[in-house]
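Residues per chain are reported as follows:
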Amino acid sequence: MMTETASSLIKNVSQLGEEELKKRDVPFEYWGPTPKEARKAAVGKKKGLHDKRTTLKEAVSKYVKDGMNIGLGGFVNTRTPVAAVHEIIRQGCKDITLSMQSNSICAELLAAAMILDPDHVSVKRVEMAWWGYEVIGIAPIFRYLVSRGEILVDDYTNYGMSARFKAGSLGLPFIPTRDHGGSDMELVNRGKMIKCPFTNENIYLVPACNPDVALIHTQVADMHGNARIFGALCTCPEIAMAANHTILTVEQVIPNESIRKYPNLTEIPYMIVDAVVEQPLGAYPGAVYGYNWFDMPEILEFRKGCDEFRKTGNKDGMQAYFDKYIFGCETFDDFLATRPYSKIKEMKQNDGVQPILID
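Peer 1: In this structure, what is going on with the overall build of the chain? I would like to understand it.
Peer 2: Within the chain, the secondary structure is distributed over 14 helices and 14 strands. Seen through its C-alpha atoms, the chain measures out along the principal axes to roughly 60 × 55 × 35 Å. In the chain, which comprises 359 residues, the proportion classed as buried is 53%. Residue pairs at least 24 apart in sequence account for 82% of intrachain contacts in the chain once pairs closer than 6 positions are excluded. Each charge class in the chain can be summarised by its mean position, and for the 41 positive and 45 negative side chains these summaries are 3 Å apart.

Structural data, given as structure tokens:
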């Protein structure tokens, strides 16, 4: 039986212009591996336990290539894979697609790097729910790129992107939701409204999202890649399971014996992780539940240079930040060393020592 396309008739009242609506009138393609390709990659991975510990430099060099879809874990200022993004910017990566639920400084760092040197880093498109900061608002470089049509955007709700990664993690080409329909969201992303073949009611389908490589930061993992997450999961297990490859940075590596004591605490299983990098404060200036609160002054310092460029075209503030804190640092530890101990101590205290289970 043929499945009927449907509509909530939102076009009749939408304020979106014709140019915006035409963006969807193109043949659908996955902006990364197809579900079939992702399943093949998952099946082909080694299933035996082996030591996956490495450096960020080695992991990024091996798994991140031009033209890839990069899945960003975390949520806005929480457990964002900043250390991995710093390394990608140092090494360079062009024509990439960013896939994320909601993110802040990671996406903005990559976009700002493109403004400064598009021949070294460039972002082609993004599929997402939100690109901005908690409390502060939309990110300036994102606003700049979108207002000039310099980046292609596929826009979903937070639930919608979570559902897309869930479909990817299950090896499905799409997943039905009760989200998006009846609003402009139905018109600005690549999902489709259909008539349900069982109920004959409208149901919205969102396509699977399978990144080429996922960047995930969690609290702890063993050397094989079995990872625990405390606090909000932020769709990180689904992003990791949907991706062809996963680079996992962690606050600390713990013994496999500790993992085996409480197997139910493992949110990301070893067989989908390709590289494990022990990187304390790897989400800085973002927060990591049980380790540190986010550093708002640091975020504001970076954002200030970005906003200055958006308003005036002056790149000096951004360039100075990148020259000193990214290109001027060989590793993320070198970057952290530019921060006084008093700041790190305050961040850890502000976390409130949230309870986590390590041993």
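Peer 1: Looking at this structure, how should I read the side chain of Glu 108?
Peer 2: With respect to the helices and strands, Glu 108 occurs in helix α5 (residues 105-116). If we skip the residues at most four places from it in the chain, Glu 108 touches Trp 131, Tyr 133, Ala 139, Pro 140, Ile 141, Phe 142, Phe 302 and Cys 306.

Peer 1: How do you make sense of helix α12 (residues 316-325) when you look at a structure like this?
Peer 2: At 3.6 residues per turn, the α-helix brings residues three or four places apart onto the same side. Among the residues of α12, those classed as buried are Met 318, Tyr 321, Phe 322 and Tyr 325. For α12, the buried positions fall inside an angular range of 95° around the axis, keeping them on one side. In α12, those exposed residues whose orientation departs by more than 90 degrees from the buried face are Asp 316 and Lys 324.

Peer 1: What is the right way to look at the packing of aromatic side chains in this model?
Peer 2: Each aromatic ring pair is described using two quantities: the centre-to-centre distance and the angle formed by the ring planes. For the structure shown, the criterion picks out twelve aromatic pairs. For the pair Tyr 144 and Phe 309, a centre-to-centre distance of 4.7 Å together with 55° between the ring planes defines the contact as tilted. Taken together, the residues span a long stretch of sequence, with Tyr 144 in helix α6 (residues 140-147) and Phe 309 in helix α11 (residues 296-312) at a distance of 165 residues. Relative accessible area serves as the criterion here: at 15%, Tyr 144 is assigned to the buried category.

Peer 1: I keep staring at the packing of helix α4 (residues 82-91) against α5 and nothing clicks. Help me out?
Peer 2: Helix-helix packing is characterised by the crossing angle of the two axes and by the distance between the axes. Between α4 and α5, the shortest axis-to-axis distance is 9 Å and the interhelical angle comes to 10°. Viewed along their axes, α4 and α5 adopt a mutual orientation that is roughly parallel. Where α4 abuts α5, its residues Val 82, Val 85, His 86, Ile 88 and Ile 89 lie against Ile 105, Cys 106, Leu 109, Leu 110 and Ala 113. Residues of the contact of α4 with α5, tallied by class, amount to nine nonpolar, one polar and no charged.

Peer 1: Can you walk me through the sheet that holds strand β8 (residues 192-195) in this structure?
Peer 2: Within a sheet, adjacent strands bond to each other through the backbone by hydrogen bonds, running parallel or antiparallel. Read from one edge of the open sheet, three strands run β7-β9-β8, paired in antiparallel fashion. Two strands in the sheet have a free side with no partner beyond their single neighbour: β7 (174-177) and β8. Averaged over all pairs of adjacent strands, the angle between strand axes in this sheet comes to 40°, irrespective of strand direction. Relative to strand β9 (residues 202-207), β8 runs antiparallel, the two sharing four bridges. Its bridge partner being in β9, Lys 192 is matched across the sheet by Leu 205. Set on the sheet, helix α7 (residues 158-170) makes contact with β7 and β9; between it and β7 the angle comes to about 140°.

Peer 1: Looking at this structure, I do not really get empty space enclosed by the protein. What am I missing?
Peer 2: In this approach a probe as big as a water molecule rolls over the atoms, and the regions it shows empty are the leftover space. All chains considered together, the criterion is met by one cavity of 30 Å³ or more. As a volume, the largest cavity reaches approximately 40 Å³. Lining the largest cavity, in full, are Tyr 30, Trp 31, Gly 32, Pro 33, Asn 69, Glu 127, Arg 164, Ala 208, Cys 209 and Asn 210. Among the residues forming the lining of the largest cavity, the class breakdown is five nonpolar, three polar and two charged.

Peer 1: Where do I start with helix α3 (residues 56-63) in this structure?
Peer 2: Turning to α3, its buried residues number three or more, namely Leu 56, Ala 59, Val 60 and Tyr 63. Taken end-on, α3 shows its buried residues confined to a sector of 95°, consistent with a single buried face. Where α3 is buried, its residues contact α4, β10 (213-221), β12 (245-253) and β14 (275-278).

Peer 1: Would you explain the environment of Pro 237 in this entry?
Peer 2: Here Pro 237 is to be found in helix α9 (residues 236-242). Residue Pro 237 is classed as buried on the basis of its relative accessible area, which comes to 5%. In sequence terms Pro 237 and Ile 268 are 31 residues apart; their C-alpha atoms lie 5.4 Å from each other. Discounting residues that sit within four places of it in the chain, Pro 237 has contacts with Ile 229, Glu 267 and Ile 268.

Basis of the calculations
Residues numbered from 1 in each chain as written. Predicted model: local features only at pLDDT ≥ 70, side-chain atom pairs only at ≥ 80, totals over all residues. Heavy atoms only, no water. Helix = DSSP H or I, 4+ residues; strand = E, 2+ residues; numbered from the N terminus. Buried < 20%, exposed > 50% of the residue type's maximum accessible area, 1.4 Å probe, protein only. Contact = heavy atoms within 4.5 Å. Lys, Arg positive; Asp, Glu negative; His and termini not counted. Charge placed at Lys NZ, Arg CZ, Asp CG, Glu CD. Arc of directions from axis to C-beta. Phe/Tyr/Trp six-rings, centres within 6.5 Å; stacked < 30°, edge-to-face > 60°. Axes fitted to C-alpha atoms, helices over the stretch in contact; angles between N-to-C directions. Parallel < 35°, antiparallel > 145°, perpendicular 65-115°, else oblique. Nonpolar A, V, L, I, M, F, W, Y, C, P; charged D, E, K, R; others polar. Pairing = 2+ DSSP bridges. 1 Å grid on protein atoms, 1.4 Å probe; cavity = no way out; pocket = protein on both sides within 12 Å on 5 of 7 lines; lining within 4 Å. Points joined across faces, edges and corners; volume = space filled by probe spheres on them.

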